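Listed below are the residues making up each chain.
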Amino acid sequence: MTFKPILKKIIWGGNDICPFKELSPVQDGIGESWELSHVDGNYSVVAEGTFADCSIDELIKKAGPQLVGEKVMKQFGTRFPLLIKFIDARRDLSIQVHPNDELARQRHNSFGKTEMWYVIRASEGACLYSGFSKQIDGDEYVRRISEKSFMEVLKKYEVKAGDVFFLPAGRVHAIGAGCFITEIQQTSDITYRIYDYDRLGADGKPRELHTELAKDAIDYTLYSDYQTHYDSELNEAVNLAKCKYFTTNLLELTYPISRDFSSLDSFVVEICMEGKTILNDDKGHSLSIHQGQTVLIPADTKEITLVPDGTCKLLETYIA
């Protein structure tokens, strides 16, 4: 199943999402396209086929284990566990952090947010922030926020297409201007804003910061490198991320391949990043997808075959 995109017009949004997804008319200022969402108030709706106009919520109520997998339902209940987005940043996004499951449950009765980024394209000099460049603790964090020097201790990466960052809950991060990315994350819309460059919101007032909430949510562990490094390999599944919330692979295809999901007991999401492909499953279904489309494959699907039209690039994600 493919879903109708939920387009978000945001003050920092660019104009790349509609052309990337082959949507017309092209809308300016679209910062995000929520491709697959079970966030309250933003339920994805099936675009076509037998279940056209059904929401993801209705689908899970009708066919929960067959759609998402029995194992997945035991772990996450009746909430679809992933939120898939495209993000186009024309301006720098705020420095932020997300709580883990325990803290999010205590404070918001919600899942936490672990996520990952895949850079689709980046303008020359475009940067992301992930983690720290030096060791600090909670007290220094609060002091630096008050002194407006917090940016000095963040790890900054100049990025290019294909770069990957895994962002466990608690990792301080931000998307910089000129970045166009795919984001795969837990189903949660909880964000603690740490710093926003002293900008004013649409109402002309400084945007709210969550300094104290973020203090307890931040993981202050210092790592030498926060970027995910991998070796590309044509026509093979290259793993980019693996955690209890999602496993994500990169598929760069030049000829047909089959994917065996018979032992997975999880839905699979295929996100077409480049080119076109025909997706055939073991039930006799066939679907042609192009760049910018996201496909949900039910958990009771045992095998699919991907037949690229020339070359094609996909991100594949599921719960292992």
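Heads up: the structure comes first, above all this text.
Model, not experiment: these values are computed from the prediction.

A.B. asks: What is the right way to look at helix H5 (residues 138–147) in this model?
C.D. replies: Since the α-helix turns once every 3.6 residues, residues separated by three or four places project in the same direction. Along H5, the positions that sit buried rather than exposed are Gly138, Glu140, Tyr141, Arg144 and Ile145. Angular distribution of buried residues about the axis of H5 spans 160°; they occupy a single face of the element. In H5, the exposed residues that point more than 90 degrees away from the buried face are Asp139 and Ser146. Residues of H5 that are buried make contact with strand S13 (192–195) and helix H6 (211–217). Taken from the residues just after H5, Lys148 is the one with a positive phi, measuring 60°.

A.B. asks: What exactly am I supposed to notice about the side chain of Asn235 here?
C.D. replies: Within the fold, Asn235 resides in the loop between strand S14 (227–228) and strand S15 (237–242). Side-chain polar atoms of Asn235 contact the backbone nitrogen of Thr254, separated by 2.7 Å. The contact partners of Asn235, leaving out residues within four places of it in the chain, are Glu252, Leu253, Thr254, Tyr255 and Ile257.

A.B. asks: Looking at this structure, I do not really get the pattern of salt bridges. What am I missing?
C.D. replies: Side-chain pairing between opposite charges can occur once the charged atoms of the two side chains come close. Using the criterion set out here, one finds 23 salt bridges in the structure. Among the salt bridges present, the one from Lys148 reaches Asp198, with a minimum N-O distance of 3.6 Å. Of this pair, Lys148 sits in the loop between H5 and strand S9 (154–158) while Asp198 sits in the loop between S13 and H6, and the two are 50 residues apart along the sequence. Under the relative-accessibility criterion, Lys148 is labelled exposed at 53%.

A.B. asks: Looking at this model, I keep getting lost on the side chain of Gln293. Mind explaining?
C.D. replies: Here Gln293 lies in the loop between strand S19 (286–290) and strand S20 (294–297). Within the local environment of Gln293, its side chain forms a polar contact with the backbone nitrogen of His290, the two atoms lying 2.9 Å apart. When sequence neighbours within four positions are dropped, the list of residues in contact with Gln293 reads Glu35, Glu270, Ile271, Cys272 and Ser288.

Definitions and limits used
Residues numbered from 1 in each chain as written. Predicted model: local features only at pLDDT ≥ 70, side-chain atom pairs only at ≥ 80, totals over all residues. Heavy atoms only, no water. Buried < 20%, exposed > 50% of the residue type's maximum accessible area, 1.4 Å probe, protein only. Helix = DSSP H or I, 4+ residues; strand = E, 2+ residues; numbered from the N terminus. Arc of directions from axis to C-beta. Contact = heavy atoms within 4.5 Å. Polar contact = N/O pair within 3.5 Å; in protein donor to acceptor, adjacent residues only side chain to side chain. Salt bridge = Lys/Arg side-chain N within 4 Å of Asp/Glu carboxyl O.

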